[in-house]
Amino acid sequence: MKRKPIPFSAPKIGLREIVAAGRILRSGWLTTGQENSLFEEEFAQKTGSPYALSVNSATSALHLILEALGVGLDDWVITTPYTFTASAEILRYLGAHPLFADVDGKTGNIDPSEIERILHENAHAPMPRSIKAILPVHLAGLPCDMDRIMDISRRYDIPVVEDCAHAFPVRYYSTTDRSSPYLGTIGAGGAFSFYANKTITTGEGGMVTVGDEALKERISLMRLHGIDRDVWNRYSSSAGHLSWQYDIKAPGYKYNLTNFQAAIGRVQLKKAERFKRDRTNQALLYNEAFHALDSIETPIVGKDHAWHIYIIKIKPEKLTSGRDEFIKALFDRGINCSVHYRPLHMMSYYRDTYGFMNDDFPRALDLYERTISLPLYPGLGIRGQKRVIRAVIEVSRMLRRTE
Ligand SMILES: Cc1ncc(COP(=O)(O)O)c(C=O)c1O
């Protein structure tokens, strides 16, 4: 009998999430409500962020933070090409542009030296660009070099917005001041994703973390149409008969998270450390299993890591065929994989809009050509993981170049 294929990713939803969502669905209050306030308080407490604001995606979280920071028409934001389009598309919502900085060839995270080079060259350009923010992405859940990025941010007086879509819950172990804050609380703002495949999920969903009260106020206003009081406060306060009396302070967005999603999020939040332990154990087992294969590079473990995705790099010089054939051979063995990422500068929209060539960011290009993301998620289980391991070893032997 043919065995069922192993999916690339799968959410882990238990009875407690179902009960929590069911309780809210029966309560009659479906849209943003009390569960959101509790989810926000608990998320803020977990990360140590002064403020947390629930939203319907990390994309909207990023958009709101940059809007609140004043990024607008013809501004530029330094970010990585080695990411999902959300990290850059939100700039276009604001009429701003991405300034891509190449990545570190080992981690795939933005290279601080490239950020510095761009800022230095811009400062000495005859017509400097208006660079308004630096937007690092903690790829796969491995922290970027935040010590260097924050140092650059202070010297050039440009705020940092952390894309933490892959990176919850992860501490950053600073080498300069020995602190260990959670990712998302180091820059001016952090954006988290609760999309179906993320380390905790509400189906779709996200969270903003910010430390500054004025930013928090602007983001709360803009996440729901620019209305001066949120819908829960309008209807639940003793002045409920005045619920219709609201003002519109700005043309905001419709980015709120529902009450039942927040209820699911609260349960997932409690499980976050357990999920992370499972993911970490799987990553370490993969690393150990592939250690002896000379055609594969395994990912860096680091001091802390969310292991949202597990990315191996093939060494083409050791193989008879390339990355795509490797993935196809795994697929034929019932293992579904993915690639993170085809860099943004190679995507037609960014290429056509900004005139990029594939080798403009050589390290991102090199990574793209060599990376494979393997299945990794709490529900994979040891038997599933052993199947993946066996398949990877088999394929790497089958495609091995013999001198
Ligand atoms: C790096 C990165 N940033 C942002 C996002 C957007 O997250 P969401 O789907 O919650 O909008 C994603 C989604 O996968 C992502 O991978």
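No experiment lies behind these values; they were computed from the predicted model shown.

Draft legend 1. Representation of the overall build of the protein in the model. In terms of helices and strands, the protein carries 13 helices and ten strands. A compact globule built from 403 residues would reach a C-alpha radius of gyration of about 22 Å, and the protein, at 22 Å, matches this within 12%. Principal axes of the C-alpha set define a box for the protein whose edges measure 80 × 65 × 45 Å. A buried classification covers 55% of the 403 residues belonging to the protein. Across the protein, 51 positive and 46 negative side-chain charges occur, with their mean positions spaced 9 Å apart.

Draft legend 2. How the structure looks around the domain arrangement of the protein. What the domain assignment lists for the protein is domain 1 (15-269) and domain 2 (272-398). For domain 1 versus domain 2, the separation of C-alpha centres amounts to 26 Å. Of the roughly 3200 Å² buried between domain 1 and domain 2, counting both surfaces, carbon and sulfur atoms make up 61%. It is Tyr82, Phe100 and Asp102 that lose the most area in domain 1 upon contact with domain 2, and together they represent 21% of the buried surface on that side. Applying the counting rule to domain 1 against domain 2 returns 24 residue pairs in polar contact (both at pLDDT 80 or more). Residues of the side of domain 1 that touches domain 2, tallied by class, amount to 22 nonpolar, twelve polar and ten charged.

Draft legend 3. Broad picture of the pairing of strand S1 (residues 51-55). Counting buried positions along S1 gives four out of five residues, so the element sits mostly inside the fold. Pairing between S1 and strand S7 (residues 206-210): five bridges, direction antiparallel. Note that in S7 the partner of Tyr51 across the bridge is Val210.

Draft legend 4. Fine view of the confidence of the model for the protein. Across the protein, pLDDT averages 96, with 97% of residues at or above 70. Looking over the protein, one finds the lowest element-wise mean pLDDT in helix H8 (residues 231-236), namely 64, and the highest in strand S5 (residues 161-163), namely 99.

Draft legend 5. Layout of empty space enclosed by the protein. For the structure shown, the criterion picks out five cavities of 30 Å³ or more. Space inside the largest cavity adds up to approximately 170 Å³. Along the wall of the largest cavity there are 17 residues; nearest its centre are Lys106, Thr107, Leu139, Pro299 and Ile311. Among the elements that make up the lining of the largest cavity, the one with the highest residue count is strand S9 (residues 310-314) (three residues).

Draft legend 6. Just the site of the ligand, in detail. Close to the ligand lie 16 residues; Thr59, Asp163, His166, Ser193 and Lys198 are nearest. Take His166: an N or O atom from its side chain is 2.8 Å from an oxygen atom of the ligand. Bound to the protein, the ligand loses 91% of the 390 Å² it would expose on its own. For the shell around the ligand, the elements supplying multiple residues, two or more each, are helix H3 (58-68) and helix H4 (86-93). A per-class count over the shell around the ligand returns seven nonpolar, seven polar and two charged.

Draft legend 7. Looking closely at the packing of aromatic side chains. Enumeration according to the criterion identifies 18 aromatic pairs in this entry. Both rings, one in Phe43 and one in Phe192, keep their centres 5.0 Å apart while their planes meet at 75°; by these two values the pair is edge-to-face. Remark: Phe192 occurs in strand S6 (residues 189-193) and Phe43 occurs in helix H2 (residues 34-47); sequence separation between them is 149 residues. With centroids separated by 6.0 Å and ring planes inclined at 90°, the aromatic side chains of Phe100 and Phe361 adopt a geometry described as edge-to-face.

Draft legend 8. Representation of the sheet that holds S5 in the model. Strand order in this open sheet of four strands is S1-S7-S6-S5, and the pairing throughout is mixed. Bordering the open sheet on either side are S1 and S5, each of which pairs with just one other strand. The mean inter-strand angle of the sheet, taken between neighbouring strand axes irrespective of direction, is 20°.

Cut-offs used in this document
Numbering of residues begins from 1 in every chain and follows the order in which that chain's sequence is written. Given that this is a predicted model, residues contribute local features only at a pLDDT of at least 70 and side-chain atom pairs are listed and counted only at 80 or more, while totals for whole chains, interfaces and linings are drawn from all residues. To obtain the side-chain values, all non-hydrogen atoms of the structure were used and water was disregarded. A run of H or I in DSSP becomes a helix once it reaches four residues, and a run of E becomes a strand once it reaches two; helices and strands are each numbered from the N terminus. Computation of the radius of gyration draws on C-alpha atoms alone. For the globule rule, the value is 2.2 Å times the number of residues to the power 0.38. The buried label goes to any residue with under 20% of its type's maximum accessible area, the exposed label to any with over 50%, and the partly exposed label to all in between, with areas taken from a 1.4 Å probe on protein chains only. The positive count covers Lys and Arg only, the negative count covers Asp and Glu only, and His and the chain ends enter neither. All charge positions are set by atom: Lys at NZ, Arg at CZ, Asp at CG, Glu at CD. Each domain span listed reflects an automatic or database assignment of domains. Here's the idea: put two parts together, see how much 1.4 Å probe accessible area each one loses, and the total over both is what we call buried area. Think of a polar contact as two N or O atoms within 3.5 Å of one another; within protein, one of them needs to be a possible hydrogen donor and the other a possible acceptor, and neighboring residues in sequence only count if both atoms come from side chains. Each residue gets one of three labels, nonpolar for Ala, Val, Leu, Ile, Met, Phe, Trp, Tyr, Cys and Pro, charged for Asp, Glu, Lys and Arg, and polar for the others, Gly among them. DSSP-based pairing: two strands are paired if at least 2 bridges between them are found. Confidence scores per residue from the predictor, reported as pLDDT, run from 0 to 100. The way it works is a 1 Å grid over only the protein atoms, where trapped points that fit a 1.4 Å probe form a cavity and open points with protein on both sides within 12 Å along at least five of seven lines form a pocket, and then any residue with an atom within 4 Å of a point lines it. Grid points are joined across faces, edges and corners, and a volume is the space filled by probe spheres set on the points. For this purpose, a residue is taken to be near a molecule or strand whenever a single non-hydrogen atom of the residue falls within 4 Å of it. Residue burial considers only the protein chains on display, and all accessible areas are found by Shrake-Rupley using a 1.4 Å probe. Here is the rule: rings of Phe, Tyr and Trp (six-membered ring for Trp) pair when centre to centre is within 6.5 Å. Planes less than 30 degrees apart are stacked, more than 60 are edge-to-face, and the remainder are tilted. Orientation is described by lines fitted to C-alpha atoms, with helices fitted over the stretch in contact, and by angles between N-to-C directions that extend from 0 to 180 degrees.

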